[in-house]
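# Examining the three-dimensional arrangement
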Amino acid sequence: MKAVTTYKQQLIKSLSDAGCSDEMCESCAECYENDELGKMLLQLKGERKCLREKLTKVQFELDTLDYLIRKIEQKK
C-alpha cells in the first residue's frame with residue numbers, strides 16, 4: 001500500500017475516512033491550497049452538523065428499539 005506523502009493527500013484521506021464525499025474532499029483540498037481556511041472551516045462545520053443530526057436521529061431510533069425490547073422482555 002502506498003504511503004500518504006503530502007498534506008493534501010493526508011487531508012483528503014482524513015476527510016474520506018470521516019465519510020465526506022469526493023466532492024467535499026476536493027473542495028476542502030482546494031481551499032487548503034488557496035489558503036481559504038475560513039471557507040474550509042465553514043464546510044467542515046456544515047458537514048459536522050449534518051453528521052450530528054444523523055447521529056441524533058439514529059440514537060433516538062436505538063433508544064426506541066431498546067425501550068420496546070425491554071417492554072417485551074418484561075412481559076415474558
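First, a word on scope: everything that follows refers to the structure included in this document. (Residues numbered from 1 in each chain as written. Predicted model: local features only at pLDDT ≥ 70, side-chain atom pairs only at ≥ 80, totals over all residues. Heavy atoms only, no water.)

### Structural notes on the nonpolar core
Judged by nonpolar contacts, Leu-11, Leu-15, Cys-20, Met-24, Cys-25, Cys-28, Cys-31 and Met-40 together constitute the single largest core of eight residues. Among the secondary structure elements, those contributing two or more residues to this core are helix H1 (7-17) and helix H2 (22-33). A total of four residues in this core trace back to one element, the largest contributor, which is H2. Beyond its immediate stretch of four places on either side in the chain, Cys-20 contacts Leu-15, Cys-25 and Glu-47. (Core = buried A, V, L, I, M, F, W, Y, C linked by side-chain atoms within 4.5 Å. Buried < 20%, exposed > 50% of the residue type's maximum accessible area, 1.4 Å probe, protein only. Helix = DSSP H or I, 4+ residues; strand = E, 2+ residues; numbered from the N terminus. Contact = heavy atoms within 4.5 Å.)

### With respect to the pattern of salt bridges
Tallied over the full model, the rule gives three salt bridges. Of the charged contacts in the structure, one is a salt bridge between Lys-8 and Glu-33, with a shortest N-O distance of 3.3 Å. Placement of the pair is Lys-8 in helix H1 and Glu-33 in helix H2, with a sequence separation of 25 residues. The partly exposed category is assigned to Lys-8, whose relative accessible area is 29%. (Salt bridge = Lys/Arg side-chain N within 4 Å of Asp/Glu carboxyl O.)

### Some points on the packing of aromatic side chains
Enumeration over the complete set of coordinates arrives at one aromatic pair. Aromatic pair Tyr-7 and Tyr-32: ring centres 4.6 Å apart, planes at 40 degrees, arrangement tilted. In this pair, Tyr-7 is assigned in helix H1 and Tyr-32 in helix H2, connecting sequence segments 25 residues apart. For Tyr-32, a relative accessible area of 35% gives the class partly exposed. (Phe/Tyr/Trp six-rings, centres within 6.5 Å; stacked < 30°, edge-to-face > 60°.)

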